[in-house]
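Remarks on the overall topology
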Amino acid sequence: MKILAIVGSLRKASYNLQLAEAAGTVLAKNHPNVEFEILDWADVPLMNQDIEHPAPEPVARVREKVKQADGIWLFSPEYNHFFPGTLKNLLDWLSRPVSESEGQVLRGKPFALAGASPGMSGTAHAQDHLVTMLSFLQADIMNAPRLAIPHIGQQMDGGKLSLSSSAPYLEKQAAAFVGFIERRQAL
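This section reports on the structure supplied with the text.

About the cut-offs
- Residues numbered from 1 in each chain as written.
- Predicted model: local features only at pLDDT ≥ 70, side-chain atom pairs only at ≥ 80, totals over all residues.
- Heavy atoms only, no water.
- Helix = DSSP H or I, 4+ residues; strand = E, 2+ residues; numbered from the N terminus.
- Expected span 1.5 Å × (residues − 1).
- Buried < 20%, exposed > 50% of the residue type's maximum accessible area, 1.4 Å probe, protein only.
- Contact = heavy atoms within 4.5 Å.
- Axes fitted to C-alpha atoms, helices over the stretch in contact; angles between N-to-C directions.
- Parallel < 35°, antiparallel > 145°, perpendicular 65-115°, else oblique.
- Nonpolar A, V, L, I, M, F, W, Y, C, P; charged D, E, K, R; others polar.
- Salt bridge = Lys/Arg side-chain N within 4 Å of Asp/Glu carboxyl O.

1. A short note on helix 5 (residues 167–186)
In this model, helix 5 (20 residues) spans 29 Å end to end at C-alpha, consistent with the 28 Å of a helix rising 1.5 Å per residue. Taken as a whole, helix 5 has its buried residues at Leu170, Gln173, Ala174, Phe177, Val178, Gly179, Phe180 and Ile181. On its buried face, helix 5 is in contact with strand 1 (2–7), helix 1 (15–30), strand 3 (71–75), strand 4 (110–116), strand 5 (140–141) and strand 6 (147–149).

What follows is the structure, given as structure tokens:
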């Protein structure tokens, strides 16, 4: 099984990148048969239909990574009760048909949603907006459990994520997502 992580923040050492890395550690420990990769997408250009066909190389590359994945674990921050515009841009590219004969790559793809934020709602509002968008794109969303970690600064130690109180919830979501993907593969 292959799980591809998409981190909604492009900031180096972002909270959500560190959360995705922690998820990879949990999977390696508890689900060693799962391949886990964090998508590198910082070079994806702004969506522009003038350059859509043929797709720019970064777009073709990320589409291929999504197609190869059995599931997508999305780790997004929350900016003003929404997910970042950069992530919206990536999802817009992924929502477009690959070609006249091949549709978009998100249809039917299992998704899990997680995120960490300094705010008191974690990333719950951003995740609700992601559910709306991903549902429209016919992704297969695992609505429970979602992971929205508030006050992430309290779980940092010298700039590094320690996940002191949230670790059990990350482990629970990892196990649930692996099971979610396995059930879909069995259909």
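Next comes the rest of the description.
2. Looking at helix 3 (residues 85–95)
Of the residues making up helix 3, those classed as buried are Leu87, Asn89, Leu90, Leu91, Trp93 and Leu94. Against strand 1, helix 2 (57–68), strand 3 and helix 4 (124–136) lie the buried residues of helix 3.

3. Looking at the packing of helix 3 against helix 4
Relative to each other, helix 3 and helix 4 sit at 10 degrees, their axes nearing to 12 Å. As judged from the angle between their axes, helix 3 and helix 4 are roughly parallel. Where helix 3 approaches helix 4, its residues Leu87, Lys88, Leu91 and Asp92 are matched on the opposing element by Leu130, Met133 and Leu134. Residue classes in the contact of helix 3 with helix 4 are distributed as five nonpolar, no polar and two charged.

4. Side note on the environment of isoleucine 141
You can see isoleucine 141 is positioned in strand 5. Sequence separation between isoleucine 141 and lysine 109 is 32 residues, and the spatial gap between their C-alpha atoms is 8.0 Å. In contact with isoleucine 141, other than residues within four places in its own chain, are Phe111, Leu113, Val131, Leu134, Ser135 and Phe180.

5. A closer look at the pattern of salt bridges
Counted under the stated rule, the structure contains nine salt bridges. Notably, a salt bridge pairs glutamate 52 with arginine 96, separated by 2.8 Å at the nearest N-O pair. With glutamate 52 in the loop between strand 2 (35–38) and helix 2 and arginine 96 in the loop between helix 3 and strand 4, this residue pair connects regions lying 44 residues apart in the sequence. Given the relative accessible area of 4%, glutamate 52 is considered buried. A residue is classified by how much of its surface remains accessible, and arginine 96, at 27% relative accessible area, is partly exposed.

Nothing here speaks to function; it is all geometry.
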